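# A look at the structure
Here is what each chain is made of, one letter per residue.
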Amino acid sequence: MSKETEFYNYITSLPEETLTQVKGKPLEVLKLIDEYPQSFMNIGPYKGKHIVAKIKEKAPKTMIELGGYLGYSAVLFASEIADDPEAKYYSFELNPEFAKIANYVIGLAGLSDKVEIIVGKASYNLPAFRKRLFSEKKHYTALDFIFIDHWKDMYVPDLRVLESLNLIAPGTLLVADNIITPGAPQYVAYVNFSPDEKKLYNETTANPEGKEFIGRWNILYSTKTIEVVNPKNNHKDAIEVTKCVDYFSG
Ligand code: SAM
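Cut-off values and rules
- Residues numbered from 1 in each chain as written.
- Predicted model: local features only at pLDDT ≥ 70, side-chain atom pairs only at ≥ 80, totals over all residues.
- Heavy atoms only, no water.
- UniProt positions renumbered as here; feature names shortened; annotations may be inferred.
- Helix = DSSP H or I, 4+ residues; strand = E, 2+ residues; numbered from the N terminus.
- Rg over C-alpha atoms; globule rule 2.2 N^0.38 Å.
- Buried < 20%, exposed > 50% of the residue type's maximum accessible area, 1.4 Å probe, protein only.
- Contact = heavy atoms within 4.5 Å.
- Areas by Shrake-Rupley, 256 points an atom, 1.4 Å probe, with all protein chains shown as cover.
- Lys, Arg positive; Asp, Glu negative; His and termini not counted.
- Charge placed at Lys NZ, Arg CZ, Asp CG, Glu CD.
- 1 Å grid on protein atoms, 1.4 Å probe; cavity = no way out; pocket = protein on both sides within 12 Å on 5 of 7 lines; lining within 4 Å.
- Points joined across faces, edges and corners; volume = space filled by probe spheres on them.
- Nonpolar A, V, L, I, M, F, W, Y, C, P; charged D, E, K, R; others polar.
- Axes fitted to C-alpha atoms, helices over the stretch in contact; angles between N-to-C directions.
- Parallel < 35°, antiparallel > 145°, perpendicular 65-115°, else oblique.
- Left-handed = near helix turned anticlockwise from the far one by under 90°.
- Near = heavy atom within 4 Å.
- Polar contact = N/O pair within 3.5 Å; in protein donor to acceptor, adjacent residues only side chain to side chain.
- Sits in = over half its atoms within 2 Å of the grid points.

The name an unreviewed UniProt entry gives the chain is catechol O-methyltransferase, with Candida dubliniensis as the organism. In its Sequence similarities (unreviewed entry) section, UniProt records this for the chain: "Belongs to the class I-like SAM-binding methyltransferase superfamily. Cation-dependent O-methyltransferase family."

Given below as C-alpha cells:
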C-alpha cells in the first residue's frame, strides 16, 4: 500500500472527537499532515509561509496550482482567500488517487467551496479551463496567482502552455517550488531570459506538451530566488517568485 493511501486510511479513521476539533480549521488540518510520521512531498510550513505572505500582499482572485498532491498547498493558500466570495483556487492534479485524498483533506479544512481539483494532465486540461473562465466571467481573465509544483521537467513546457493561452498577463504572480532540491535550472533560466533569448529558445525548442504552445517571447518577468532553510533538518531549498511586469514592445 502506498504511504499516501496509508495516510488516507489514517485520516479518515481518526476518532470523531479529533475530527470535530480540526473540522473547518485549515491550519489544524495541515498540522495532522505535518505531524504524521511519514513525510510527504508538500510545500510545508517554512517555504509555505513565504508564499502566504505574497498571497496576503496580492489578494488574488483566480489562483491555480500545477500539482495538487494531497491538498497541503491548496489548503494553506486557499485559506487566505476563504472570505473573498470572488476568489477561487483550482488545483490541477494528474493522479486520481491523490486527488481523492486531497478532496477529503480540503473538505475537512472547510474549503470545498473555495478549491476545485481538476484531475488529469495540466497541459491537457488548461485549454478547456481557459474557455471555462472566459464563459463564467464573460470577459478575458488572466490568472492572478500560479503555483508551479508538479514534475520539474514539466515546469517550462507548462509555463509555455500558460503563456500561449494568454493566462499570464502583467500582474500575474508565479511561484515555483523545489528550485534547489531537486532543482529546476531550466525554469529559472526561462523566467530570466531576455525577450531575444526567449524568442530564440521558443522557436528552436519544440514544446513536448504541444507544438501550438510555443510560449510568448514578449512577456516580461521580474524574478527572484528565495532560499529557505527548514529549521527541523537544516535542509535548504528555494522558491522562485516571478511577477509578470509588462509586455515588451521594443
Ligand atoms: N503542491 C503540492 C503541495 O505542496 O502539497 C505538492 C505537489 S507534488 C510535489 C507534485 C504533484 O504533481 C504530484 O501529486 C503529481 O501527481 C502531480 N503532477 C505531476 N505531473 C503533473 C501534470 N502534468 N499535471 C498535473 N499534476 C501533475
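Next comes the rest of the description.
### Thoughts on the overall build of the chain
A tally of regular secondary structure across the chain gives eleven helices and seven strands. Taken over the C-alpha trace, the chain has a radius of gyration of 18 Å; the compact-globule value for 250 residues is 18 Å, and the two agree within 12%. Expressed as lengths along the three principal axes of its C-alpha atoms, the size of the chain is roughly 60 × 45 × 35 Å. Counting over 250 residues, the chain shows a buried share of 50%. Within the chain, contacts between residues at least 6 apart in sequence are counted, and of these 77% link residues at least 24 apart. Accessible area of the chain: about 12100 Å², with a carbon and sulfur share of 54%. Both charge centroids of the chain, one from 29 positive and one from 33 negative side chains, sit 3 Å from each other.

### Quick word on the layout of surface pockets
The computed volume of the largest pocket comes to approximately 1100 Å³. Together, 47 residues line the largest pocket, and Phe 40, Met 41, Asn 42, Ile 43 and Gly 44 are the ones closest to its centre. In terms of residue count, the dominant contributor to the lining of the largest pocket is helix H4 (residues 44–58) (four residues). Considering only residue class, the lining of the largest pocket consists of 20 nonpolar, 15 polar and twelve charged. In terms of lining residues, the second largest pocket is bounded by Lys 54, Glu 57, Lys 58, Leu 173, Ser 222, Thr 223, Lys 224, Ile 226, Val 241, Thr 242 and Lys 243. Only H4, strand S6 (219–230) and strand S7 (235–247) provide two or more residues apiece to the lining of the second largest pocket. Of the residues forming the lining of the second largest pocket, the biggest block, four residues, is contributed by S6. Residue composition of the lining of the second largest pocket, grouped by class: three nonpolar, three polar and five charged.

### Remarks on the packing of helix H1 (residues 3–12) against helix H6 (residues 96–108)
In the contact formed by H1 and H6, the axes pass within 10 Å of each other and the chain directions differ by 30°. Taken together, the axes of H1 and H6 are roughly parallel relative to one another. The handedness of the crossing between H1 and H6 is left-handed. Contacts between H1 and H6 involve Glu 4, Thr 5, Phe 7, Tyr 8, Ile 11 and Thr 12 from the first element and Glu 97, Phe 98, Lys 100, Ile 101, Tyr 104, Val 105 and Leu 108 from the second. Among the residues making up the contact of H1 with H6, the classes are represented as eight nonpolar, two polar and three charged.

### Some points on the site of the ligand
In the vicinity of the ligand, 20 residues are found, and the nearest of them are Ile 43, Gly 67, Ser 73, Glu 93 and Asp 149. One of the side-chain nitrogen or oxygen atoms of Ser 73 is found 2.9 Å away from a nitrogen atom of the ligand. Backbone polar atom of Leu 94 to a nitrogen atom of the ligand: 3.1 Å apart, as the coordinates give it. Against a free-state accessible area of 610 Å², the protein chains account for coverage of 98% of the ligand. Judged by its atoms lying within 2 Å of the grid points, the ligand is housed in the largest pocket. Of all the elements in the fold, those that place two or more residues in the shell around the ligand are helix H5 (72–78) and strand S2 (88–93). In terms of residue class, the shell around the ligand is made up of ten nonpolar, seven polar and three charged.

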